Amino acid sequence: MPDAALTAGPFTTTESGPASYMVPAVLLSDTQSAVFAEGHHQFNEPWVVAPDPSGVWGLGPTFNEDRCSQCHERNGRARAPRERELAVRGMLIRLSVPGLSAEGGPLPHPVYGDQLQNRGMAGAVPAEGQAIFAYGEREMRFADGEVVRLRVPRVTFMQLAFGALGDQTLTSPRIAPAMVGLGLLEAVPEATLLDIARRQETDGISGRPNVVWDVERRAAVIGRFGWKANQPTLRQQVAAAFHGDIGATTLLFPHENCPVAQKACRELPAAIQCSGLGACKGDAFVPEVIPSRLDNITFYVRALAVPARRRVDDPQVREGERLFTQGKCAACHVPVLETGPVEGLSATGITIRPYTDLLLHDMGEALADHRPDFLADGREWRTPPLWGIGLLRTVNGHTDLLHDGRARNVVEAILWHGGEAEASREMFRAMRKAERDALVRFVESL
Ligand code: HEC
Ligand code: HEC
(Lines give C-alpha, C1' and ligand atoms only; values in the text may rest on other atoms or scores of the structure.)
(Ligands and ions follow the chains in the order given, each with its own letter.)
Protein backbone atom coordinates (compact mmCIF):
# COMPACT_ATOMS: atom_id res chain seq x y z
CA MET A 1 0.00 0.00 0.00
CA PRO A 2 1.42 3.47 -0.80
CA ASP A 3 2.36 5.49 2.28
CA ALA A 4 -0.29 8.13 1.60
CA ALA A 5 -3.02 5.46 1.67
CA LEU A 6 -1.84 3.98 4.96
CA THR A 7 -4.07 6.06 7.22
CA ALA A 8 -3.28 4.40 10.52
CA GLY A 9 -0.44 1.87 10.36
CA PRO A 10 -1.64 -1.53 11.61
CA PHE A 11 -5.03 0.07 12.27
CA THR A 12 -5.61 0.54 8.51
CA THR A 13 -8.26 -1.54 6.76
CA THR A 14 -8.69 -1.91 3.00
CA GLU A 15 -12.39 -2.61 3.46
CA SER A 16 -14.29 0.08 1.54
CA GLY A 17 -17.85 -1.22 1.59
CA PRO A 18 -20.76 -0.64 4.03
CA ALA A 19 -18.79 -2.42 6.80
CA SER A 20 -15.68 -0.27 6.50
CA TYR A 21 -16.12 1.44 9.89
CA MET A 22 -16.54 -1.91 11.66
CA VAL A 23 -13.20 -3.63 11.15
CA PRO A 24 -10.82 -4.35 14.06
CA ALA A 25 -7.13 -3.41 13.94
CA VAL A 26 -5.12 -6.39 12.66
CA LEU A 27 -2.87 -6.60 15.70
CA LEU A 28 -5.42 -8.08 18.12
CA SER A 29 -4.51 -11.26 20.00
CA ASP A 30 -7.06 -14.08 20.17
CA THR A 31 -8.18 -12.92 23.61
CA GLN A 32 -8.50 -9.34 22.39
CA SER A 33 -10.46 -10.48 19.33
CA ALA A 34 -12.91 -12.17 21.65
CA VAL A 35 -13.34 -8.98 23.70
CA PHE A 36 -13.78 -7.01 20.47
CA ALA A 37 -16.48 -9.42 19.31
CA GLU A 38 -18.25 -9.17 22.65
CA GLY A 39 -18.02 -5.37 22.57
CA HIS A 40 -19.42 -5.34 19.04
CA HIS A 41 -22.32 -7.47 20.17
CA GLN A 42 -22.98 -5.23 23.18
CA PHE A 43 -22.75 -2.05 21.09
CA ASN A 44 -25.67 -3.43 19.08
CA GLU A 45 -27.64 -4.96 21.95
CA PRO A 46 -30.99 -3.40 22.92
CA TRP A 47 -31.65 -2.16 26.45
CA VAL A 48 -35.09 -2.70 28.00
CA VAL A 49 -37.05 -1.97 31.16
CA ALA A 50 -36.82 -4.87 33.65
CA PRO A 51 -38.14 -7.56 33.70
CA ASP A 52 -38.52 -7.68 29.89
CA PRO A 53 -36.46 -10.70 28.75
CA SER A 54 -35.73 -9.29 25.27
CA GLY A 55 -32.73 -7.15 26.21
CA VAL A 56 -30.42 -5.81 28.91
CA TRP A 57 -32.16 -4.36 31.97
CA GLY A 58 -31.69 -0.72 32.89
CA LEU A 59 -33.13 1.45 30.10
CA GLY A 60 -34.29 4.91 31.19
CA PRO A 61 -36.24 6.14 33.13
CA THR A 62 -35.76 8.78 30.41
CA PHE A 63 -33.61 8.16 27.35
CA ASN A 64 -33.12 8.91 23.67
CA GLU A 65 -32.47 5.50 22.10
CA ASP A 66 -32.21 1.94 23.42
CA ARG A 67 -28.76 1.03 22.02
CA CYS A 68 -25.54 2.59 20.74
CA SER A 69 -26.00 1.43 17.16
CA GLN A 70 -29.37 3.13 16.88
CA CYS A 71 -27.49 6.44 16.59
CA HIS A 72 -24.11 5.21 15.33
CA GLU A 73 -25.48 2.90 12.64
CA ARG A 74 -22.69 0.59 11.40
CA ASN A 75 -20.42 2.73 13.63
CA GLY A 76 -21.20 5.59 11.28
CA ARG A 77 -22.67 9.02 11.42
CA ALA A 78 -26.34 9.95 11.77
CA ARG A 79 -28.10 12.20 9.28
CA ALA A 80 -29.81 15.46 10.17
CA PRO A 81 -33.60 15.55 10.56
CA ARG A 82 -35.31 16.73 7.38
CA GLU A 83 -37.80 19.62 7.18
CA ARG A 84 -40.41 19.33 9.99
CA GLU A 85 -38.85 16.09 11.25
CA LEU A 86 -38.29 15.32 14.92
CA ALA A 87 -34.77 14.96 16.28
CA VAL A 88 -34.46 11.19 16.73
CA ARG A 89 -31.93 8.45 15.96
CA GLY A 90 -28.62 10.21 16.28
CA MET A 91 -29.58 13.85 16.70
CA LEU A 92 -29.74 15.02 20.29
CA ILE A 93 -30.07 18.41 21.94
CA ARG A 94 -27.73 19.49 24.74
CA LEU A 95 -29.23 21.90 27.27
CA SER A 96 -27.87 24.18 29.97
CA VAL A 97 -28.30 27.56 31.63
CA PRO A 98 -25.61 30.26 32.03
CA GLY A 99 -23.05 29.43 34.72
CA LEU A 100 -20.68 26.60 35.54
CA SER A 101 -21.10 23.24 37.22
CA ALA A 102 -18.83 22.35 40.16
CA GLU A 103 -16.46 20.66 37.67
CA GLY A 104 -16.31 23.68 35.36
CA GLY A 105 -18.70 22.22 32.78
CA PRO A 106 -22.09 23.42 31.56
CA LEU A 107 -24.66 24.11 34.28
CA PRO A 108 -27.55 21.71 33.63
CA HIS A 109 -31.03 23.15 33.14
CA PRO A 110 -32.69 22.96 36.59
CA VAL A 111 -35.70 21.07 35.25
CA TYR A 112 -34.57 19.34 32.04
CA GLY A 113 -30.93 18.55 32.86
CA ASP A 114 -28.13 18.68 30.28
CA GLN A 115 -29.82 16.87 27.40
CA LEU A 116 -33.37 16.62 26.14
CA GLN A 117 -34.46 13.01 26.59
CA ASN A 118 -37.26 12.51 24.09
CA ARG A 119 -38.47 9.20 25.50
CA GLY A 120 -39.69 7.96 28.85
CA MET A 121 -41.46 4.89 30.17
CA ALA A 122 -45.02 4.32 28.99
CA GLY A 123 -47.52 5.09 31.73
CA ALA A 124 -44.82 5.72 34.35
CA VAL A 125 -42.29 8.39 33.40
CA PRO A 126 -42.98 11.13 30.85
CA ALA A 127 -40.56 11.93 28.02
CA GLU A 128 -39.08 15.38 28.59
CA GLY A 129 -40.18 16.68 25.23
CA GLN A 130 -39.46 16.74 21.52
CA ALA A 131 -37.35 18.90 19.24
CA ILE A 132 -38.46 19.54 15.69
CA PHE A 133 -36.28 20.84 12.86
CA ALA A 134 -37.07 23.36 10.14
CA TYR A 135 -34.69 25.00 7.72
CA GLY A 136 -34.20 28.47 6.35
CA GLU A 137 -31.88 29.33 3.48
CA ARG A 138 -28.65 31.24 3.11
CA GLU A 139 -27.04 32.01 -0.22
CA MET A 140 -23.32 31.85 -0.92
CA ARG A 141 -21.73 32.84 -4.21
CA PHE A 142 -18.44 31.65 -5.67
CA ALA A 143 -16.14 34.15 -7.38
CA ASP A 144 -17.15 32.64 -10.73
CA GLY A 145 -20.82 33.43 -10.06
CA GLU A 146 -22.09 29.94 -9.12
CA VAL A 147 -24.58 30.10 -6.25
CA VAL A 148 -25.01 27.54 -3.46
CA ARG A 149 -28.05 27.55 -1.18
CA LEU A 150 -27.15 26.46 2.36
CA ARG A 151 -29.81 25.24 4.76
CA VAL A 152 -29.95 27.03 8.13
CA PRO A 153 -31.43 24.83 10.87
CA ARG A 154 -33.97 26.14 13.34
CA VAL A 155 -34.99 23.99 16.31
CA THR A 156 -38.37 24.31 18.00
CA PHE A 157 -39.35 22.46 21.16
CA MET A 158 -42.74 20.87 21.69
CA GLN A 159 -44.59 18.57 24.10
CA LEU A 160 -42.38 19.82 26.93
CA ALA A 161 -43.51 17.84 29.98
CA PHE A 162 -42.43 20.38 32.61
CA GLY A 163 -43.23 23.70 30.98
CA ALA A 164 -41.28 26.07 28.77
CA LEU A 165 -37.48 25.90 28.71
CA GLY A 166 -37.22 29.62 29.50
CA ASP A 167 -35.37 32.47 27.79
CA GLN A 168 -32.06 31.75 29.54
CA THR A 169 -31.76 28.22 28.22
CA LEU A 170 -28.78 27.40 26.01
CA THR A 171 -29.31 24.67 23.43
CA SER A 172 -26.94 22.80 21.12
CA PRO A 173 -28.00 20.18 18.58
CA ARG A 174 -25.39 17.45 18.00
CA ILE A 175 -25.29 14.69 15.42
CA ALA A 176 -23.75 11.30 16.23
CA PRO A 177 -20.28 11.12 14.63
CA ALA A 178 -18.57 8.09 13.10
CA MET A 179 -16.41 5.89 15.30
CA VAL A 180 -13.25 5.16 13.30
CA GLY A 181 -9.74 5.31 14.75
CA LEU A 182 -10.79 6.71 18.11
CA GLY A 183 -8.22 4.70 20.09
CA LEU A 184 -5.50 6.37 18.07
CA LEU A 185 -6.86 9.86 18.70
CA GLU A 186 -6.91 8.99 22.40
CA ALA A 187 -3.24 8.02 22.12
CA VAL A 188 -1.94 11.29 20.64
CA PRO A 189 0.28 12.74 23.41
CA GLU A 190 -0.93 15.92 25.11
CA ALA A 191 2.45 17.49 24.34
CA THR A 192 1.76 17.10 20.61
CA LEU A 193 -1.55 18.94 20.89
CA LEU A 194 -0.03 21.73 22.98
CA ASP A 195 2.79 22.03 20.47
CA ILE A 196 0.36 22.39 17.54
CA ALA A 197 -1.57 25.02 19.49
CA ARG A 198 1.66 26.95 20.07
CA ARG A 199 2.66 26.84 16.41
CA GLN A 200 -0.79 27.96 15.28
CA GLU A 201 -0.52 31.18 17.25
CA THR A 202 1.57 32.68 14.47
CA ASP A 203 -0.88 31.74 11.73
CA GLY A 204 -4.07 33.76 12.21
CA ILE A 205 -5.37 30.41 13.41
CA SER A 206 -5.31 29.89 17.16
CA GLY A 207 -6.54 26.50 18.28
CA ARG A 208 -6.54 25.55 21.92
CA PRO A 209 -7.34 22.35 23.73
CA ASN A 210 -10.50 22.02 25.74
CA VAL A 211 -9.85 21.21 29.40
CA VAL A 212 -12.56 19.02 30.91
CA TRP A 213 -13.31 17.01 34.01
CA ASP A 214 -12.02 13.45 34.17
CA VAL A 215 -14.41 11.68 36.52
CA GLU A 216 -12.16 8.72 37.33
CA ARG A 217 -8.90 10.66 37.72
CA ARG A 218 -10.78 13.46 39.51
CA ALA A 219 -8.78 16.03 37.61
CA ALA A 220 -9.07 18.59 34.82
CA VAL A 221 -7.44 17.16 31.68
CA ILE A 222 -7.40 17.81 27.92
CA GLY A 223 -10.68 16.95 26.17
CA ARG A 224 -10.69 15.03 22.89
CA PHE A 225 -14.08 13.52 22.05
CA GLY A 226 -17.40 15.03 21.03
CA TRP A 227 -17.97 18.07 18.80
CA LYS A 228 -16.59 20.39 21.46
CA ALA A 229 -13.98 17.95 22.78
CA ASN A 230 -15.89 17.77 26.05
CA GLN A 231 -14.93 14.18 26.93
CA PRO A 232 -11.38 13.26 27.98
CA THR A 233 -11.30 9.49 27.38
CA LEU A 234 -13.22 6.88 25.45
CA ARG A 235 -14.18 5.13 28.68
CA GLN A 236 -15.82 8.26 30.04
CA GLN A 237 -17.39 9.03 26.64
CA VAL A 238 -18.98 5.57 26.56
CA ALA A 239 -20.17 5.84 30.18
CA ALA A 240 -21.63 9.29 29.44
CA ALA A 241 -23.45 7.87 26.41
CA PHE A 242 -24.97 5.14 28.57
CA HIS A 243 -26.01 7.74 31.11
CA GLY A 244 -27.36 10.49 28.85
CA ASP A 245 -28.55 8.61 25.77
CA ILE A 246 -29.71 5.23 27.10
CA GLY A 247 -30.34 6.01 30.77
CA ALA A 248 -28.08 3.29 32.20
CA THR A 249 -25.83 3.82 35.21
CA THR A 250 -22.12 3.01 35.46
CA LEU A 251 -19.58 3.31 38.26
CA LEU A 252 -18.59 6.64 36.65
CA PHE A 253 -22.16 7.98 36.59
CA PRO A 254 -23.99 6.02 39.31
CA HIS A 255 -27.09 8.21 39.63
CA GLU A 256 -30.04 7.90 37.29
CA ASN A 257 -30.34 10.89 35.00
CA CYS A 258 -33.33 12.47 36.79
CA PRO A 259 -33.27 16.20 37.63
CA VAL A 260 -34.88 17.05 41.00
CA ALA A 261 -38.03 18.45 39.41
CA GLN A 262 -38.80 15.19 37.60
CA LYS A 263 -40.71 13.36 40.30
CA ALA A 264 -41.80 10.21 38.47
CA CYS A 265 -38.28 9.73 37.12
CA ARG A 266 -36.71 10.06 40.59
CA GLU A 267 -39.21 7.92 42.39
CA LEU A 268 -38.89 4.93 40.15
CA PRO A 269 -37.05 2.22 42.07
CA ALA A 270 -33.55 2.42 40.71
CA ALA A 271 -30.43 0.35 41.17
CA ILE A 272 -28.71 3.08 43.14
CA GLN A 273 -31.34 2.69 45.85
CA CYS A 274 -30.74 -1.04 46.07
CA SER A 275 -34.44 -1.65 45.94
CA GLY A 276 -35.17 -4.06 43.17
CA LEU A 277 -34.55 -4.42 39.45
CA GLY A 278 -32.10 -7.15 40.40
CA ALA A 279 -29.25 -4.69 40.42
CA CYS A 280 -28.06 -4.92 44.01
CA LYS A 281 -25.94 -7.56 45.68
CA GLY A 282 -26.42 -7.31 49.42
CA ASP A 283 -25.79 -3.66 50.21
CA ALA A 284 -23.40 -3.10 47.33
CA PHE A 285 -24.39 -0.95 44.40
CA VAL A 286 -24.08 -2.73 41.08
CA PRO A 287 -24.45 -0.35 38.16
CA GLU A 288 -26.83 -1.24 35.35
CA VAL A 289 -23.83 -1.31 33.01
CA ILE A 290 -21.63 -3.82 34.80
CA PRO A 291 -17.90 -3.01 34.60
CA SER A 292 -17.05 -5.81 32.15
CA ARG A 293 -19.62 -4.47 29.69
CA LEU A 294 -18.20 -0.96 29.91
CA ASP A 295 -14.70 -2.43 29.41
CA ASN A 296 -15.75 -4.49 26.38
CA ILE A 297 -17.48 -1.64 24.58
CA THR A 298 -14.64 0.76 25.36
CA PHE A 299 -12.15 -1.76 23.99
CA TYR A 300 -14.31 -2.27 20.90
CA VAL A 301 -14.41 1.46 20.17
CA ARG A 302 -10.69 1.78 20.85
CA ALA A 303 -9.65 -1.05 18.55
CA LEU A 304 -11.64 0.02 15.47
CA ALA A 305 -9.55 0.42 12.33
CA VAL A 306 -9.55 3.29 9.84
CA PRO A 307 -10.31 2.83 6.13
CA ALA A 308 -7.29 3.19 3.83
CA ARG A 309 -7.36 6.15 1.49
CA ARG A 310 -8.49 5.45 -2.04
CA ARG A 311 -7.36 6.96 -5.39
CA VAL A 312 -4.23 8.51 -3.86
CA ASP A 313 -2.42 8.61 -7.21
CA ASP A 314 -5.27 10.09 -9.22
CA PRO A 315 -3.90 13.40 -10.62
CA GLN A 316 -7.09 15.28 -9.67
CA VAL A 317 -6.84 14.03 -6.08
CA ARG A 318 -3.18 15.07 -5.93
CA GLU A 319 -4.08 18.52 -7.20
CA GLY A 320 -6.80 18.67 -4.51
CA GLU A 321 -4.26 17.71 -1.86
CA ARG A 322 -2.03 20.59 -2.98
CA LEU A 323 -4.99 23.00 -2.74
CA PHE A 324 -5.85 21.62 0.72
CA THR A 325 -2.42 22.72 1.93
CA GLN A 326 -2.42 25.97 -0.03
CA GLY A 327 -5.90 26.83 1.30
CA LYS A 328 -4.64 26.40 4.89
CA CYS A 329 -7.13 23.59 5.50
CA ALA A 330 -4.19 21.56 6.78
CA ALA A 331 -3.45 24.11 9.52
CA CYS A 332 -6.41 22.74 11.51
CA HIS A 333 -7.09 19.46 9.71
CA VAL A 334 -3.48 18.39 10.44
CA PRO A 335 -2.67 15.56 8.01
CA VAL A 336 -0.10 13.57 10.00
CA LEU A 337 0.31 12.89 13.73
CA GLU A 338 2.17 10.30 15.73
CA THR A 339 0.59 8.40 18.62
CA GLY A 340 2.03 7.39 21.95
CA PRO A 341 1.03 4.01 23.44
CA VAL A 342 -2.53 2.94 22.59
CA GLU A 343 -4.20 1.91 25.83
CA GLY A 344 -4.90 -1.79 26.14
CA LEU A 345 -3.11 -2.67 22.89
CA SER A 346 0.53 -3.41 22.24
CA ALA A 347 0.92 -0.54 19.81
CA THR A 348 2.83 2.71 20.06
CA GLY A 349 4.45 5.34 17.86
CA ILE A 350 1.96 4.83 15.04
CA THR A 351 1.99 7.38 12.22
CA ILE A 352 -1.62 8.35 11.60
CA ARG A 353 -3.33 10.57 9.00
CA PRO A 354 -6.44 11.79 10.84
CA TYR A 355 -6.70 15.37 9.46
CA THR A 356 -7.41 16.91 12.85
CA ASP A 357 -5.56 18.80 15.58
CA LEU A 358 -8.20 17.89 18.21
CA LEU A 359 -8.19 21.60 19.13
CA LEU A 360 -11.01 24.10 19.50
CA HIS A 361 -11.38 26.87 16.94
CA ASP A 362 -13.62 29.90 16.67
CA MET A 363 -15.67 29.00 13.59
CA GLY A 364 -17.61 32.24 13.40
CA GLU A 365 -21.11 33.41 14.15
CA ALA A 366 -22.96 31.34 11.56
CA LEU A 367 -21.90 28.04 13.17
CA ALA A 368 -22.08 29.29 16.77
CA ASP A 369 -24.37 27.52 19.23
CA HIS A 370 -23.74 30.12 21.95
CA ARG A 371 -23.50 27.33 24.51
CA PRO A 372 -20.15 27.05 26.33
CA ASP A 373 -18.90 23.55 27.13
CA PHE A 374 -15.99 23.64 29.62
CA LEU A 375 -13.40 25.95 27.95
CA ALA A 376 -15.12 25.83 24.56
CA ASP A 377 -17.09 29.02 24.08
CA GLY A 378 -20.27 29.41 22.04
CA ARG A 379 -18.37 29.85 18.77
CA GLU A 380 -15.75 27.15 19.19
CA TRP A 381 -15.77 23.62 17.79
CA ARG A 382 -13.16 20.87 17.76
CA THR A 383 -11.63 20.21 14.34
CA PRO A 384 -13.28 16.91 13.35
CA PRO A 385 -11.00 14.22 11.92
CA LEU A 386 -11.61 13.79 8.19
CA TRP A 387 -10.34 10.20 7.86
CA GLY A 388 -13.05 7.86 6.61
CA ILE A 389 -15.25 10.76 5.49
CA GLY A 390 -15.23 9.68 1.83
CA LEU A 391 -17.01 6.43 2.73
CA LEU A 392 -19.87 8.08 4.60
CA ARG A 393 -22.32 7.65 1.72
CA THR A 394 -21.36 4.00 1.32
CA VAL A 395 -21.76 3.29 5.05
CA ASN A 396 -24.71 5.50 6.00
CA GLY A 397 -26.35 6.50 2.72
CA HIS A 398 -26.01 10.25 3.21
CA THR A 399 -23.34 12.96 3.29
CA ASP A 400 -24.65 15.25 6.04
CA LEU A 401 -21.72 17.02 7.71
CA LEU A 402 -20.89 19.41 10.59
CA HIS A 403 -21.99 19.23 14.23
CA ASP A 404 -25.70 19.34 13.44
CA GLY A 405 -25.59 17.76 9.99
CA ARG A 406 -26.70 20.98 8.28
CA ALA A 407 -24.17 20.67 5.43
CA ARG A 408 -25.37 18.22 2.79
CA ASN A 409 -21.94 17.67 1.26
CA VAL A 410 -18.30 18.75 1.44
CA VAL A 411 -18.84 21.95 -0.56
CA GLU A 412 -21.52 23.14 1.87
CA ALA A 413 -19.38 22.17 4.86
CA ILE A 414 -16.52 24.33 3.63
CA LEU A 415 -18.83 27.26 2.86
CA TRP A 416 -20.04 27.22 6.49
CA HIS A 417 -16.47 27.76 7.75
CA GLY A 418 -15.95 31.22 9.30
CA GLY A 419 -14.00 32.77 12.16
CA GLU A 420 -10.46 31.43 12.18
CA ALA A 421 -11.28 29.48 9.01
CA GLU A 422 -12.69 32.44 7.11
CA ALA A 423 -9.51 32.96 5.07
CA SER A 424 -9.68 29.29 4.03
CA ARG A 425 -13.30 29.60 3.01
CA GLU A 426 -12.54 32.73 1.00
CA MET A 427 -9.72 30.96 -0.84
CA PHE A 428 -12.18 28.20 -1.65
CA ARG A 429 -14.75 30.72 -2.89
CA ALA A 430 -12.13 32.29 -5.12
CA MET A 431 -11.07 28.98 -6.71
CA ARG A 432 -12.01 28.01 -10.23
CA LYS A 433 -14.60 25.25 -10.58
CA ALA A 434 -11.96 22.68 -11.57
CA GLU A 435 -9.95 23.53 -8.46
CA ARG A 436 -12.96 23.26 -6.16
CA ASP A 437 -13.82 19.90 -7.69
CA ALA A 438 -10.27 18.70 -7.13
CA LEU A 439 -10.28 19.82 -3.49
CA VAL A 440 -13.59 18.04 -2.84
CA ARG A 441 -12.35 14.94 -4.61
CA PHE A 442 -9.31 14.94 -2.36
CA VAL A 443 -11.48 15.18 0.77
CA GLU A 444 -13.58 12.31 -0.58
CA SER A 445 -10.45 10.20 -1.00
CA LEU A 446 -9.96 10.31 2.80
C1 HEC B 1 -29.18 9.13 21.05
C2 HEC B 1 -28.11 8.91 20.12
C3 HEC B 1 -26.84 8.28 20.64
C4 HEC B 1 -26.70 7.07 21.29
C5 HEC B 1 -27.78 6.11 21.72
C6 HEC B 1 -25.29 6.91 21.50
N7 HEC B 1 -24.60 7.96 20.98
FE8 HEC B 1 -22.58 8.18 20.91
N9 HEC B 1 -22.80 10.07 20.26
C10 HEC B 1 -23.99 10.68 19.94
C11 HEC B 1 -23.76 12.09 19.70
C12 HEC B 1 -24.83 13.11 19.32
C13 HEC B 1 -22.39 12.32 19.91
C14 HEC B 1 -21.68 13.68 19.86
C15 HEC B 1 -21.85 14.27 21.26
C16 HEC B 1 -21.35 15.66 21.45
O17 HEC B 1 -20.63 16.17 20.62
O18 HEC B 1 -21.68 16.25 22.47
C19 HEC B 1 -21.81 11.02 20.23
C20 HEC B 1 -20.45 10.80 20.45
C21 HEC B 1 -19.89 9.57 20.69
C22 HEC B 1 -18.46 9.30 20.72
C23 HEC B 1 -17.34 10.30 20.45
C24 HEC B 1 -16.96 10.25 19.01
C25 HEC B 1 -15.99 11.31 18.59
O26 HEC B 1 -15.58 11.28 17.42
O27 HEC B 1 -15.64 12.19 19.35
C28 HEC B 1 -18.33 7.97 21.04
C29 HEC B 1 -17.04 7.20 21.20
C30 HEC B 1 -19.66 7.44 21.22
N31 HEC B 1 -20.58 8.42 20.98
C32 HEC B 1 -19.94 6.13 21.59
C33 HEC B 1 -21.21 5.67 21.92
C34 HEC B 1 -21.48 4.40 22.59
C35 HEC B 1 -20.45 3.37 22.94
C36 HEC B 1 -22.83 4.34 22.77
C37 HEC B 1 -23.63 3.27 23.49
C38 HEC B 1 -23.28 3.08 24.88
C39 HEC B 1 -23.39 5.55 22.20
N40 HEC B 1 -22.39 6.33 21.72
C41 HEC B 1 -24.74 5.83 22.17
C42 HEC B 1 -25.22 10.05 19.87
C43 HEC B 1 -25.51 8.83 20.46
C1 HEC C 1 -9.56 27.14 11.78
C2 HEC C 1 -9.56 25.71 11.64
C3 HEC C 1 -10.10 25.11 10.34
C4 HEC C 1 -9.71 25.37 9.05
C5 HEC C 1 -8.66 26.35 8.57
C6 HEC C 1 -10.52 24.51 8.22
N7 HEC C 1 -11.36 23.76 8.99
FE8 HEC C 1 -12.66 22.38 8.31
N9 HEC C 1 -13.50 22.25 10.16
C10 HEC C 1 -13.03 22.89 11.29
C11 HEC C 1 -13.97 22.71 12.37
C12 HEC C 1 -13.81 23.22 13.79
C13 HEC C 1 -15.05 21.98 11.84
C14 HEC C 1 -16.33 21.55 12.58
C15 HEC C 1 -17.35 22.69 12.53
C16 HEC C 1 -18.74 22.30 12.95
O17 HEC C 1 -19.06 21.10 13.04
O18 HEC C 1 -19.57 23.19 13.19
C19 HEC C 1 -14.69 21.68 10.46
C20 HEC C 1 -15.44 20.85 9.61
C21 HEC C 1 -15.04 20.47 8.34
C22 HEC C 1 -15.68 19.46 7.54
C23 HEC C 1 -16.87 18.61 7.98
C24 HEC C 1 -16.34 17.48 8.83
C25 HEC C 1 -17.37 16.67 9.55
O26 HEC C 1 -16.98 15.66 10.16
O27 HEC C 1 -18.56 17.00 9.57
C28 HEC C 1 -14.99 19.38 6.36
C29 HEC C 1 -15.28 18.45 5.19
C30 HEC C 1 -13.92 20.35 6.42
N31 HEC C 1 -13.97 20.99 7.66
C32 HEC C 1 -13.02 20.61 5.41
C33 HEC C 1 -12.17 21.72 5.41
C34 HEC C 1 -11.47 22.20 4.23
C35 HEC C 1 -11.50 21.54 2.86
C36 HEC C 1 -10.80 23.31 4.62
C37 HEC C 1 -9.97 24.26 3.75
C38 HEC C 1 -10.71 24.91 2.66
C39 HEC C 1 -11.04 23.50 6.04
N40 HEC C 1 -11.90 22.52 6.47
C41 HEC C 1 -10.44 24.46 6.82
C42 HEC C 1 -11.85 23.61 11.38
C43 HEC C 1 -11.15 24.11 10.29
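Preceding this paragraph is the structure being described.
Report on the accompanying structure. (Residues numbered from 1 in each chain as written. Chains lettered and ligands numbered in written order. Predicted model: local features only at pLDDT ≥ 70, side-chain atom pairs only at ≥ 80, totals over all residues. Heavy atoms only, no water.)

## Quick word on the overall build of the chain
Argument step 1. On a plain count of helices and strands, the chain comes out with 13 helices and 17 strands.
Argument step 2. Here the C-alpha atoms of the chain give a radius of gyration of 22 Å, agreeing with the 22 Å that 2.2 N^0.38 yields for 446 residues.
Argument step 3. Relative to its full complement of 446 residues, the chain shows a buried share of 55%.
Argument step 4. A sequence separation of at least 24 residues applies to 68% of the contacts in the chain between residues at least 6 apart. (Helix = DSSP H or I, 4+ residues; strand = E, 2+ residues; numbered from the N terminus. Rg over C-alpha atoms; globule rule 2.2 N^0.38 Å. Buried < 20%, exposed > 50% of the residue type's maximum accessible area, 1.4 Å probe, protein only. Contact = heavy atoms within 4.5 Å.)

## Observations concerning unusual backbone geometry
Argument step 1. Cis peptide bonds are those with omega within 30 degrees of zero, and the linkage from glycine 60 to proline 61 qualifies with 10 degrees.
Argument step 2. Phi is positive for leucine 358, which is not a glycine, with a value near 55 degrees.
Argument step 3. Judged by its relative accessible area of 0%, leucine 358 is buried.
Argument step 4. Phi is positive for phenylalanine 374, close to 55 degrees, though the residue is something other than glycine.
Argument step 5. Relative to the helices and strands, phenylalanine 374 is located in the loop between strand S16 (360-362) and strand S17 (380-382).

## Comments concerning the coordination of the iron atom of ligand 2
Argument step 1. Here the iron atom of ligand 2 is held by His333 (NE2) and His417 (NE2), and the distances to it run 2.1 Å.
Argument step 2. Each of the six donor atoms bound to the iron atom of ligand 2 contributes to angles spanning 88 to 179 degrees, and the resulting shape is octahedral. Residue histidine 333 is found in the loop between helix H9 (329-332) and strand S14 (337-338), and its partner histidine 417 is found in the loop between helix H11 (410-416) and helix H12 (422-430); the two are separated by 84 residues along the sequence.
Argument step 3. Looking at histidine 333, the relative accessible area reads 11%, which means it is buried. (Donors = N, O, S within 2.8 Å, 3.2 Å for Na, K, Ca; no water. Tetrahedral: all angles 85-135°; square planar, octahedral: opposite > 155°, others 65-115°.)

## With respect to the packing of helix H1 (residues 30-43) against helix H7 (residues 291-302)
Argument step 1. Between H1 and H7, the least distance of the axes is 7 Å, while the angle of their chain directions is 100 degrees. Here H1 lies roughly perpendicular to H7, going by the angle between them. Contacts from Gln32, Val35, Phe36, Glu38, Gly39, His40, Gln42 and Phe43 of H1 reach H7 at Arg293, Asn296, Ile297, Phe299 and Tyr300.
Argument step 2. Taken together, the residues of the contact of H1 with H7 break down into six nonpolar, five polar and two charged. (Axes fitted to C-alpha atoms, helices over the stretch in contact; angles between N-to-C directions. Parallel < 35°, antiparallel > 145°, perpendicular 65-115°, else oblique. Nonpolar A, V, L, I, M, F, W, Y, C, P; charged D, E, K, R; others polar.)

## Re the site of ligand 2
Argument step 1. Around ligand 2, 24 residues are found, and the nearest of them are Cys329, Cys332, His333, His403 and His417.
Argument step 2. Within the side chain of histidine 333, one N or O atom sits 2.9 Å away from a nitrogen atom of ligand 2.
Argument step 3. Here an oxygen atom of ligand 2 and a side-chain polar atom of histidine 403 are 2.7 Å apart.
Argument step 4. Elements that contribute at least two residues to the shell around ligand 2 include exactly H9 and S17.
Argument step 5. In the shell around ligand 2, the residues fall into 14 nonpolar, six polar and four charged. (Near = heavy atom within 4 Å. Polar contact = N/O pair within 3.5 Å; in protein donor to acceptor, adjacent residues only side chain to side chain.)

## Looking at the environment of alanine 303
Argument step 1. Tracing the backbone through its elements, the reader meets alanine 303 in the loop between H7 and strand S13 (306-307).
Argument step 2. Overall, the relative accessible area of 0% leaves alanine 303 in the buried class.
Argument step 3. The sequence separation of alanine 303 and glutamate 338 amounts to 35 residues, and the corresponding C-alpha distance is 17 Å.
Argument step 4. Residues contacting alanine 303, with those up to four places away along its chain left out, are Phe11, Val23, Pro24, Ala25, Leu28, Phe36 and Leu345.

## Quick look at the sheet that holds strand S8 (residues 170-175)
Strand pairing in a sheet is mediated by backbone hydrogen bonds. Such pairs are either parallel or antiparallel.
Argument step 1. Pairing is antiparallel across the open sheet formed by three strands, whose spatial order is S5-S4-S8. Across the chains shown, the open sheet's two edge strands, defined by having one partner strand only, are strand S5 (106-107) and S8.
Argument step 2. Looking at chain direction, strand S4 (residues 91-100) and S5 are connected through two bridges and run antiparallel. Within S5, the residue paired with leucine 100 across the bridge is proline 106. (Pairing = 2+ DSSP bridges.)

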